[in-house]
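Notes for the structure review
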Amino acid sequence: MSDPFISSYHNPDPYIPASLSEIYDLLGSMFLGAPTFIDKSGVFPERNIDSEFHALTEGAQKVRKKLGEEDYAQLINLAGQAKALFADDPNDDNDKTDQGRSLLYEIEKLIQAARWHRVAVQLKDDEGEVTGD
């Protein structure tokens, strides 16, 4: 018997970005999906504000060492603030969505700075290449 409190759209194995570049890509889709992050095409019915921010924060955990503790903590803090702003503006009619997008942009800058640093000091990624990941 299935659990009646779990949506039929619940994804037990959601996509979690595993690199700095994958988080950067996720942020791009989040800019477009804000404020609700619901996929209006129906292709990804499990996508919503909770699933997107879960992917962001879990992805950040995976690259925590690459970000450094200070930037990781800042990313988590910014993500929490952004999620709250988007939740307070589900119809994109009170300026909080724009404020939330500004915070996503701050997260993007953290990710890009970490990537640029890794290239500048020639740190190799998991495949042994200097890519910024």
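That block above? That's the structure.
The structure displayed is predicted, hence computed values, not measured ones. Throughout, a residue's number is its position along its own chain's written sequence, starting from 1. Local features in this predicted model are restricted to residues whose pLDDT is 70 or higher, and side-chain atom pairs enter the listing and the counts only when it is 80 or higher, whereas totals over whole chains, interfaces and linings include all residues. The basis for every side-chain value is the complete set of non-hydrogen atoms in the structure, without hydrogens or water.

The subject of this paragraph is the overall build of the protein chain. Helix and strand content of the protein chain: five helices and zero strands. Only DSSP runs of H or I covering at least 4 residues are called helices, and only runs of E covering at least 2 are called strands; the numbering of each starts at the N terminus. Put simply, the protein chain runs from its N terminus to its C terminus through helices and strands in the order α-α-α-α-α. Overall size of the protein chain, expressed as C-alpha extent along the three principal axes, is 50 × 40 × 25 Å. Three labels apply to residues, based on accessible area from a 1.4 Å probe with only protein chains included: buried if under 20% of the type maximum, exposed if over 50%, partly exposed otherwise in between. In the protein chain, which comprises 133 residues, the proportion classed as buried is 35%.

For this analysis, a ring pair means two rings from Phe, Tyr or Trp (six-membered ring only for Trp) whose centres lie within 6.5 Å, classed as stacked if their planes differ by under 30 degrees, edge-to-face if by over 60, and tilted for the remaining angles. Tallied over the entire structure, the rule returns three aromatic pairs. With 5.5 Å between their ring centres and 90° between their planes, F37 and F53 make a pair best called edge-to-face. Here the residue F37 occupies a position in the loop between α1 (20–33) and α2 (49–62), and F53 occupies one in helix α2, the gap between them amounting to 16 residues. A residue is classified by how much of its surface remains accessible, and F53, at 3% relative accessible area, is buried. Where F53 meets F86, the ring centres are 6.1 Å apart and the plane angle is 45°; that geometry is what we call tilted. In this pair, F53 is assigned in helix α2 and F86 in helix α4 (residues 69–87), connecting sequence segments 33 residues apart. Judged on exposure class, the residue F53 and its partner F86 are both buried. Members of the aromatic cluster, joined through ring pairs, are F37, F53 and F86.

Here α1 contains 14 residues, and its C-alpha end-to-end distance of 20 Å stays within 8% of the 20 Å for a straight helix at 1.5 Å per residue. Taken as a whole, α1 has its buried residues at L20, S21, I23, L26, L27, M30 and F31. For this analysis, residues touch if any pair of their heavy atoms sits within 4.5 Å. The secondary structure elements touched by the buried residues of α1 are α2, α3 (64–67) and α5 (96–120). The span one expects for a helix is its residue count, reduced by one, times 1.5 Å.

A few words on the environment of Y72. Tracing the backbone through its elements, the reader meets Y72 in helix α4. Look past the residues within four positions of Y72 in its chain and what remains in contact with it is A60, Q61, R64 and L67.

Two side chains carrying opposite charge are able to pair once their charged atoms lie near each other. Any Lys or Arg side-chain nitrogen found within 4 Å of a carboxyl oxygen on Asp or Glu counts as a salt bridge. A complete count under the given rule lists six salt bridges for this structure. Notably, a salt bridge pairs R64 with E69, separated by 2.9 Å at the nearest N-O pair. Given a relative accessible area of 28%, R64 falls into the partly exposed group. Salt-bridge contacts for R101 lead to D98; the nearest nitrogen and oxygen are separated by 3.8 Å. Here D98 and R101 lie together in helix α5, a separation of three residues that amounts to about one turn.

The next subject is the side chain of D89. Along the polypeptide, D89 turns up in the loop between α4 and α5. Just so you know, the count uses Lys and Arg for positive and Asp and Glu for negative, and it drops His and the chain ends. It is R101 that comes nearest to the buried, bridge-free D89 among opposite-charge side chains, at 7.5 Å. Here a polar contact is taken to be a pair of N or O atoms separated by no more than 3.5 Å, where protein atoms must pair a possible hydrogen donor with a possible acceptor and residues adjacent in sequence count only if both atoms sit in side chains. Of note is the side chain of D89, whose polar atom sits 3.2 Å from the backbone nitrogen of N94.

Glancing now at the packing of α1 against α2. What describes two packed helices is the angle between their axes and the distance between those same axes. Direction vectors running N to C along α1 and α2 enclose 160°, while the axes themselves pass 10 Å from each other. Judged by the inter-axis angle, α1 sits roughly antiparallel to α2. Relative to α2, the crossing made by α1 is left-handed. Side by side, α1 and α2 meet where I23, L26, L27, S29 and M30 of the first sit next to E52, F53, A55, L56, G59 and A60 of the second. The classification used treats Ala, Val, Leu, Ile, Met, Phe, Trp, Tyr, Cys and Pro as nonpolar, Asp, Glu, Lys and Arg as charged, and all other residues, Gly among them, as polar. A class-by-class count of the residues in the contact of α1 with α2 yields eight nonpolar, two polar and one charged. Orientation is described by axes fitted as lines to C-alpha atoms, over the contacting stretch for helices, and by angles from 0 to 180 degrees between their N-to-C directions. Each angle gets one of four labels, with under 35 degrees taken as roughly parallel, over 145 as roughly antiparallel, 65 to 115 as roughly perpendicular, and the rest as oblique. If you view the pair so one helix is near and one far, a crossing is left-handed when the near helix is turned anticlockwise from the far one by less than a right angle, and right-handed when it is turned clockwise.

Purely geometric stuff here, so don't read any function into it on its own.
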